[in-house]
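Structure at a glance
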Amino acid sequence: LHTDRPYAGLVQLSGNLLATQEWSPLMPKRKGLPVFQSHGVQDEILPYIGASRLRDALSQSGLAVEWHRFRGGHEIPTPVLQRLGVFLTKVLTTRMIDEASAASADTRLRRAVSPLSPSTYCTSMPQSFTPPSARLTSRLHAFATNLHE
């Protein structure tokens, strides 16, 4: 919350609303940010009620909270990891598509170098565009769903 970096999302695993006075004014600046939040209803370390308050504060500030409560304590059960893998896949894929769309909006036409090209013109991506690892989201999803090697 303290930075202006454009993060793809926020993950809160067994988190709590601890610094209300400090965090509350910062939350609206992240309006629309996808949030994955999970918490065990039997958590004795960070009580469940605090996680509910955090969820409500984030939602009321306009963040898109995906809430996952589970029967358990201060832990991260397998079903939560599986849902987290889906969440990460979704937000990272969306981020990559958004970045690719922004980059393609800045493409320029240039003469094709090869006479074998199907068109006399082709597009070129700006030099700053770095394509993401094609397997990143599938690896994250496989890890979270326990499909990795």
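As shown above, the structure is provided for reference.
Let us look at the structure shown here.

**Details of the nonpolar core**
A general trend in soluble globular proteins is that nonpolar side chains are found buried together. Counting residues in hydrophobic clusters, the biggest one holds eight residues: Leu17, Met27, Leu33, Val35, Leu54, Ala57, Leu58 and Leu63. When residues of this core are assigned to their parent elements, the largest contribution, three residues, is made by helix H2 (residues 48-60). If sequence neighbours within four positions are ignored, leucine 33 has contacts with Tyr7, Ala8, Gly9, Leu10, Leu63 and Ala64. Phe36, Phe70, Phe87 and Val91 belong to the second-largest nonpolar core, a separate cluster that totals six residues.

**Topic: unusual backbone geometry**
Even without glycine at this site, serine 14 takes up a positive phi of about 55 degrees. When you line up the elements, serine 14 lands in the loop between strand E1 (10-13) and helix H1 (20-23). With a relative accessible area of 6%, serine 14 lands in the buried category.

Rules used throughout
- Residues numbered from 1 in each chain as written.
- Predicted model: local features only at pLDDT ≥ 70, side-chain atom pairs only at ≥ 80, totals over all residues.
- Heavy atoms only, no water.
- Core = buried A, V, L, I, M, F, W, Y, C linked by side-chain atoms within 4.5 Å.
- Buried < 20%, exposed > 50% of the residue type's maximum accessible area, 1.4 Å probe, protein only.
- Helix = DSSP H or I, 4+ residues; strand = E, 2+ residues; numbered from the N terminus.
- Contact = heavy atoms within 4.5 Å.

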